[in-house]
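# Summary of the model geometry
As a plain string of letters, each chain reads:
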Amino acid sequence: PEYKLENVYRSLPVIADNRYFIESQLYKNSRDICKRNDSILYYDCTNFYFEIEDENDICEYGKSKEHRPNPIVQYGLFLDADGLPIADYVFSGKSNEQPSLRELEKEIDKDFECSRFIVVADAGLNGWENKIYNDKKRNGAYIVTQPIKALNKKLKEWALEPAGWKIFGSDRTFDIRKLEDVIIIDGKSYNVHELTLYKDRWVPVTKKSELTGRKETIEEHLIISYSTKYRDYQKRIRNKKLERAGKLLKDPGNIKNRNQRDPRYYITRQSTTADGKNADKDQYCIDINKVAEEERYDGFYAVATNLEDDARTILEVAHKRYRIEDCFRILKTNFDARPVYHRKPERIRAHFLICYTALLIYRLLECQLDDQGTHVTTNNLIETLKNMNISNVHDMYYMALYNGSRTLDSLENRFGLQLNRKYYRPKDLNKIVKKS
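The structure reproduced in this document is the subject of the present report. The shown structure was predicted, so the numbers you read here are calculated from the model rather than taken from an experiment.

Looking only at helices and strands, the protein chain features 13 helices and 17 strands. Referenced to the eigenvectors of the C-alpha coordinate spread, the extents of the protein chain come out at roughly 85 × 60 × 50 Å. Across the 436 residues that make up the protein chain, the buried fraction comes to 45%. Put simply, of all contacts in the protein chain between residues at least 6 apart along the chain, 61% involve residues at least 24 apart.

Right, here's the structure in full:
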C-alpha cells in the first residue's frame, strides 16, 4: 500500500496506546530466535532533549544528563541478562526516577512471563522504597551499587581497611598495601591486574518505608571489591581532570565547583595568603584535600543485595550493568533518537517505542552473529546495513553500491541471502525480498 508522511504520524497514537501489548509480543516472539535469560533484569534511566522552549504534559524542564537548557523526557529501560531489551518507560522530565522502576515492573509482571525478578540498578534508582518493593515481592530480589562514601562510619572503616581481603579460589587473605605483581593461586600465576579482591558481610538495615507506612528491616549482603586495574583507571581519569583544572586556573573568570565529572570540582577559592593573612583578592588553586579524599576510594566498588548467592556471582552480575549504557549510546548516537521533534505525549511515546523496537532487532541480530562465533562492532554492523544500497542500471539489472567486508561476510554466512554480490537481476532481488 501507498502511504504519506501524515499517515505515519496518525498511526503514532495507536502505537502508543498498545505499547506494552506490542512489547510483550516482541518479547514472546523473540524467544523463537534466541533464548531469553530473563531471571536477571538490568534497569537504568536516561533523558532525551527537545528543540523547543515551552513545556507540555510530558516534556518538561529537568536535570539533563547532558546539561542542556532544553525541555526533556526521561526514559527507563529494562534489559535481560544477555543485554536484550525487555520493556521501556517514558515519563515526565522533572519526575523522580525511582518510582519509574516500580511502574515498569508492574507492567512486566502483568504482560511478560518472567519467572524470577532480580533487578540490578545503581544506587540512585534502586533506593530504599524500591528495595522494599522487590524484597517483599514473590520471586523478587535486587542488586544495587552501594556508594562507599554513603556508608556509616563503622562500615566505611571496614570497607577501606587494607587488611583482610580475599581472592576467589584462594584461602589466603591479603593486604592491599602489600600486593605483589604476580599472585599464585593453586599453582597458577596471575598478574595482580587480572584479579579482583573482595570482602563481604551481612548487615541489617532498618528504615521507615512510605510504601508500607512502617519501619522495615532488610538483611543485606554487602560486598566490597578492590581492583588495581580499576584503581589505576580512576587515577588516570582524575589526573586528566586535574590537568584540565590546571589550565582553567589561568583563566579563573568562570570557575564554580561542579559535580565530580567536571574538572572545576577540584578547584577551590582562597581568600587568605599562605601565611594566613587576608589576600587583596581571591585566588584559585587545586584543592589538595579534595584530591586526597577522592584517592581513598580508588579501586573500590561495592554492591548490596538481598540474595544469598556467593560474592563472585553477585559481582559478575553487577559488573554487566554497563550493557545498558551501551544501549543508551546506540539509541542516541547510532539511531539518532534525539533531538525529538514531536509535541504530543502519545506521539513522543510512540517515537521511543519505534526506537526501542529498532534496538531490540539490532540486539537480536548481534545475538545471531555471536551464536556463530562472529563478533562485530556496533558501528561496523550498523554502517554495513545502512550502506547496502543498489542502483538500477538501464532497467536491465541492479548494481550494488557497497563493497564487501568481513561484517557483510558474517551476515551472509548467517542468513544466506546472497547480499554479497555485485550485480542482481530483478528476479533475484524478488527472491531475496520473499526470503527475508
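Checked against the element boundaries, leucine 125 lands in the loop between strand 4 (117-121) and helix 4 (128-136). With relative accessibility at 1%, the residue leucine 125 sits in the buried group. As for leucine 125 and leucine 101, which are separated by 24 residues in sequence, their C-alpha atoms are 7.5 Å apart.

Turning next to the sheet that holds strand 3 (residues 85-92). In space, the 10 strands of this open sheet follow the order 3-2-1-4-5-14-11-10-6-7, with mixed pairing throughout. What marks the edges here is a single partner per strand, and that holds for strand 3 and strand 7 (173-174). Bridge count for strand 5 (residues 140-145) against strand 14 (residues 300-305) is 3 bridges, and the pairing is antiparallel. Note that in strand 14 the partner of threonine 145 across the bridge is valine 303. Sheet contacts for helix 5 (residues 153-160): strand 6 (165-167), strand 10 (197-209), strand 11 (214-226) and strand 14; angle to strand 10, the most-contacted strand, approximately 165°.

Attention shifts here to the packing of helix 9 (residues 322-334) against helix 11 (residues 378-386). Running from amino to carboxyl end, helix 9 crosses helix 11 at an angle of 40°, the nearest separation of the two axes being 12 Å. As for the relative orientation of helix 9 and helix 11, their crossing is right-handed in sense. Two secondary-structure elements touch here, helix 9 through Arg329, Ile330 and Asn334 and helix 11 through Thr378, Asn379, Ile382 and Lys386. Among the residues forming the contact of helix 9 with helix 11, the class breakdown is 2 nonpolar, 3 polar and 2 charged.

A few words on the sheet that holds strand 16 (residues 397-400). Whether parallel or antiparallel, the strands of a sheet pair through hydrogen bonds between backbone atoms. Taken in spatial order, the 3 strands of this open sheet run 15-16-17, and their pairing is antiparallel. Strands with a single pairing partner mark the edges of an open sheet, and in this sheet they are strand 15 (390-393) and strand 17 (423-424). As paired elements, strand 16 and strand 17 share 2 bridges and run antiparallel to each other. In the sheet register, methionine 399 faces strand 17, and the bridge partner there is tyrosine 423.

With that out of the way, let us pick up unusual backbone geometry. For residues that are not glycine, phi is negative in most cases, and the peptide bond is trans in most cases. One non-glycine residue, aspartate 336, lies in positive phi territory at about 50°. Among the structural elements, aspartate 336 can be located in the loop between helix 9 and helix 10 (345-371). One non-glycine residue, histidine 394, lies in positive phi territory at about 55°. With respect to the helices, strands and loops of the structure, histidine 394 is situated in the loop between strand 15 and strand 16. Of the residues examined, histidine 394 reaches a relative accessible area of 68% and is grouped as exposed.

What counts and what doesn't
- Residues numbered from 1 in each chain as written.
- Predicted model: local features only at pLDDT ≥ 70, side-chain atom pairs only at ≥ 80, totals over all residues.
- Heavy atoms only, no water.
- Helix = DSSP H or I, 4+ residues; strand = E, 2+ residues; numbered from the N terminus.
- Buried < 20%, exposed > 50% of the residue type's maximum accessible area, 1.4 Å probe, protein only.
- Contact = heavy atoms within 4.5 Å.
- Pairing = 2+ DSSP bridges.
- Axes fitted to C-alpha atoms, helices over the stretch in contact; angles between N-to-C directions.
- Left-handed = near helix turned anticlockwise from the far one by under 90°.
- Nonpolar A, V, L, I, M, F, W, Y, C, P; charged D, E, K, R; others polar.

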